[in-house]
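Below are the chains, spelled out letter by letter.
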Amino acid sequence: MNFNVTLIPGDGIGPEIVAEATKVLDRVGKRFGVTFTYKKILMGGCSIDAYGVPLTEEALAIAKASDSVLLGAVGGNVGNSSWYQLPPELRPEAGLLKIRKELGLFANIRPAYLYDELKAACPLNPEIIGDGFDMVIMRELTGGIYFGKRYTEEVDGVMKATDICTYDENEIRRIAVKGFEIARKRKKRVISVDKANVLDTSRLWRKVVEEVAKDYPDVTLSHMLVDNCAMQLVKDPKQFDVILTENMFGDILSDEASMVTGSIGMLSSASLSEGRLGLYEPSHGSAPDIAGKNIANPIATILSAAMMLRYSFDLDEAADAVEAAVKRALKEGYRTADIMSEGCRQVSTTEMGDIIAGFCQ
Ligand code: NAD
C-alpha cells in the first residue's frame, strides 16, 4: 500500500521537524508494509521569497491531489522580518488560511495528553492529575461567530459593533459525525459542549448532535455548558475523552486543555475534511529563535504524523506504534532542550528523531 503525502516544511524550524517526522513515517511504514511517496511544496515565507506569494496555485494543486498533508510551520519573526511589511493577504500565514479553506478543512482535532514523565510541567495539583489524562478537543473550524456577518456602526452618536453567530444543521451534523467516529477509535465517550441555556445556535447544536448519536449506540453522549467545561478542565480533566464543540468555544477550550499538558513542543493537531484528506501540523509556530540549531523538539510533528496514520489512512496499529515509541523515548530519559529535566539525557532534534524511529521498528 502506498500513500501520497504532501510535505510543507515551511519556515523556521519547520524543515528540521518535518524531516524527523518523515524519518519516523518511513520506519513505521516498513514495519507495517506501507510506503509513503512525498512531494514537497513551499508555503509561507519561503514561498514569498521564491514566488512573491505565500502559496502558489501549483503548490495548492499538488496538496489537493495528495492523500494527506504534513506541515511544519510557517512564519518568521513578526517584529523584524520583511514578510510582515507586506499586505496581510501576502504574508506567510495567508498561505495557511488559503490551504485550510481550499482543502475544505472543517474539523480541528487537538489532543491533550499528559505523559507520565512530563507531569512536572503540568500546572495542576498532583491530586488532580492522578494517573494523567488523555482527551481530544474536536472543534468546528469554518462556521459560527468567526465567519458570521460583522460590522461596526454609529447609532444615535454611539458606536455599536455586531458579530453574528450562525450554524446550519448540516455544518453541525458533519462535525458531529467526525466526533463520534473519532470517539469510536478511543474510549467511546463524547461530551458535547455548548451554551444551550442561552444561545439558539447551541440549542440547534444539541438537537443535531443527539440525532447523530442515534447512529452510534456504542458511544456515550453527554452535554456540558461551556462555562462549566472551562472549570472542569482544570478541576477534573480525567473525565474527558472527546470534547465536541463549535468554533469559538473550541478555540478557547483547546488552548486551555493543551496548556495543562505542559510543553508546547509536544502538542499535535489535525484538521480534517469531508473525505480522508487532512492537514496535520504541530500546534506550535515556526520558532525562529531556535531555527537551524538542531535543538527544536520534533515530537509534536511526529505525533501529528501519527494522527495522519490514524485519521487519514486508518492505520491504527502504525499510529499506536509511533505513539508508543514517543512514550518509550521519554521513559528512557531522552529529552530535547525544551523539556529537559534533571537526570535526563539531552538530545538534538535529529537524535530524537533517530531514537523514536528506532523504537518504531
Ligand atoms: P512559536 O510557537 O513559534 O514559539 C513560541 C516559543 O516556543 C519560542 O520560544 C519557541 O522557541 C518555542 N518553541 C516552539 N516550538 C518549539 C519546539 N518544537 N521545540 C522547542 N521549542 C519550541 O510562537 P511565536 O514565536 O509566537 O511565533 C513564531 C512564528 O510562527 C510567527 O511568525 C507566527 O505567526 C508563526 N506561527 C505559525 C503557526 C503555524 O504555522 N501553524 C502557528 C503559530 C505561530
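Residues numbered from 1 in each chain as written. Predicted model: local features only at pLDDT ≥ 70, side-chain atom pairs only at ≥ 80, totals over all residues. Heavy atoms only, no water.

**Student:** How do you make sense of the layout of surface pockets when you look at a structure like this?
**Tutor:** Within this model, the largest pocket holds a volume of roughly 620 Å³. Every residue lining the largest pocket is counted, 26 residues in all, and those nearest its centre are Leu96, Leu97, Arg100, Arg139 and Leu141. Elements with a minimum of two residues in the lining of the largest pocket: strand E3 (68-73), helix H4 (92-102), strand E4 (107-113), helix H9 (247-259), strand E11 (268-272) and strand E12 (278-282). Among the elements that take part in the lining of the largest pocket, H4 stands out by supplying four residues, more than any other. Within the lining of the largest pocket, the residues separate by chemical class into ten nonpolar, nine polar and seven charged. Its volume calculated, the second largest pocket comes out at about 470 Å³. Around the second largest pocket sit 20 residues that line it, and Pro111, Tyr113, Asp134, Arg186 and Glu323 are the ones nearest its centre. Those elements giving two or more residues to the lining of the second largest pocket turn out to be E4, strand E5 (134-140), helix H10 (299-311) and helix H11 (316-331). Counting residues per element, the lining of the second largest pocket draws most heavily on H10, which supplies four residues. Residues belonging to the lining of the second largest pocket are distributed by class as follows: eleven nonpolar, two polar and seven charged. Each of two domains, domain 1 (1-106 + 273-361) and domain 2 (123-260), supplies a minimum of three residues to the lining of the second largest pocket. (1 Å grid on protein atoms, 1.4 Å probe; cavity = no way out; pocket = protein on both sides within 12 Å on 5 of 7 lines; lining within 4 Å. Points joined across faces, edges and corners; volume = space filled by probe spheres on them. Helix = DSSP H or I, 4+ residues; strand = E, 2+ residues; numbered from the N terminus. Nonpolar A, V, L, I, M, F, W, Y, C, P; charged D, E, K, R; others polar. Domains from an automatic or database assignment.)

**Student:** What is the right way to look at the pairing of E11 in this model?
**Tutor:** Side-chain direction in a regular strand flips from residue to residue, so the side chains alternate between the two faces of the sheet. Buried residues dominate E11, accounting for five of its five residues. What you see with E11 is no split at all: Ser268, Ala270 and Leu272 on one side and Ser269 and Ser271 on the other are buried throughout. Two strands pair when backbone bridges link them, and E4 and E11 are joined in this way by three bridges, in the antiparallel orientation. Within the sheet, the bridge partner assigned to Ala107 lies in E11 and is Leu272. Here E11 pairs with E12 via five bridges, running antiparallel. Note that in E12 the partner of Ser268 across the bridge is Pro282. Two successive antiparallel strands, E11 and E12, enclose a turn made up of five residues. (Buried < 20%, exposed > 50% of the residue type's maximum accessible area, 1.4 Å probe, protein only. Pairing = 2+ DSSP bridges.)

**Student:** Sorry, what's going on with the domain arrangement of the chain here?
**Tutor:** As far as domains go, the chain holds domain 1 (1-106 + 273-361) and domain 2 (123-260). Listed per partner, the contact involves nine residues of domain 1 and ten residues of domain 2. Linking domain 1 with domain 2 are three salt bridges, by the criterion used here. The salt bridge partner of Asp316 is Lys185, with a shortest N-O separation of 2.8 Å. Where domain 1 packs against domain 2, one counts five residue pairs in polar contact (both at pLDDT 80 or more). Classifying every residue of the side of domain 1 that touches domain 2 gives three nonpolar, two polar and four charged. (Contact = heavy atoms within 4.5 Å. Salt bridge = Lys/Arg side-chain N within 4 Å of Asp/Glu carboxyl O. Polar contact = N/O pair within 3.5 Å; in protein donor to acceptor, adjacent residues only side chain to side chain.)

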